[in-house]
Amino acid sequence: MPHSPQDKKKALTRVKRILGQTEALQRALEEGADCAPVLVQIAAIRGAVNGLMSEILESYIQEELGAVADEEGRSARLAADMTALVRTYLK
């Protein structure tokens, strides 16, 4: 969970953007829009949610592994590796 005011504001901005995209999708479905634009909108929403998930997970990984740093820097490397893995998975 983002704890700094900047990170919290950034996460909330993403959530508001996702809400707007979801409302646009709802309107498109109610109006009987063609399938292609609806699918594009769904893909955009999925990308936005994945981006938010990536940010929150990255913050969590950094917080948790940063708290158990060792002198060899293994936890820092592990945090970087896990963050890269999450980003790759969520793209």
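Residues numbered from 1 in each chain as written. Predicted model: local features only at pLDDT ≥ 70, side-chain atom pairs only at ≥ 80, totals over all residues. Heavy atoms only, no water.

## Side note on the overall build of the protein
Heads up, the condition is: Helix and strand definitions here come from DSSP, where helices need a minimum of 4 consecutive H or I residues and strands a minimum of 2 consecutive E residues; each element is numbered from the N-terminal end. Within these notes, the globule rule equals 2.2 Å times the number of residues to the 0.38 power, and the radius of gyration is based on C-alpha atoms. Note on exposure labels: buried denotes an accessible area under 20% of the residue type's maximum, exposed denotes more than 50%, and partly exposed covers the range between, all computed with a 1.4 Å probe on protein chains only. Contact definition: two residues touch when any of their heavy atoms are within 4.5 Å. Accessible areas in this description were obtained via Shrake-Rupley with a 1.4 Å probe; residue shielding takes into account the shown protein chains only. Residues scored as positive are Lys and Arg, those scored as negative are Asp and Glu, and His as well as the terminal groups of each chain are ignored. For charged residues, the charge sits on one atom: NZ in Lys, CZ in Arg, CG in Asp, CD in Glu.
A count of helical and extended segments in the protein gives three helices and zero strands. The linear arrangement of helices and strands in the protein, starting from the amino end, is α-α-α. On C-alpha atoms alone, the protein measures out to a radius of gyration of 17 Å, which is more than a quarter above the 12 Å that the 2.2 N^0.38 rule sets for 91 residues. In terms of overall dimensions, the protein has a C-alpha envelope of 60 × 25 × 10 Å along the principal axes. The proportion of buried residues among the 91 residues of the protein is 22%. In the protein, the proportion of contacts linking residues at least 24 apart, taken out of those at least 6 apart, comes to 56%. A total of about 6,800 Å² of accessible surface is found on the protein, and carbon and sulfur atoms cover 61% of it. Separation between the mean location of the 12 positive side-chain charges and that of the 13 negative ones in the protein comes to 5 Å.

## Notes on the nonpolar core
Our working definition: Within this scheme, the nonpolar core is defined by two criteria: the residues are buried Ala, Val, Leu, Ile, Met, Phe, Trp, Tyr or Cys, and they are joined through side-chain atoms within 4.5 Å.
Grouped together as the largest cluster of nonpolar side chains are five residues: I61, L65, A79, V86 and L90. Counting residues per element, this core draws most heavily on helix α3 (residues 74-90), at three residues. Residues in contact with V86, not counting those within four places in the same chain, are S54, L57 and I61.

## A few points about α3
An α-helical segment advances 3.6 residues per turn. Residues three or four places apart therefore align on the same side. Rule in force here: Between the first and last residue of a helix there are one fewer steps than residues, each counted as 1.5 Å, and that sum is the expected span. In this description, one arc is meant: the one made by directions from the helix axis to the C-beta atoms.
Given a rise of 1.5 Å per residue, 17 residues ought to cover 24 Å, and the 24 Å separating the end C-alpha atoms of α3 matches this to within 8%. Among the residues of α3, S75, A79, T83, V86 and L90 are the ones counted as buried. The arc that holds the buried residues of α3, viewed along the axis, is 75°, so those residues lie on one side. Away from the buried face of α3 by more than 90 degrees, exposed residues D81, L85 and T88 are located.

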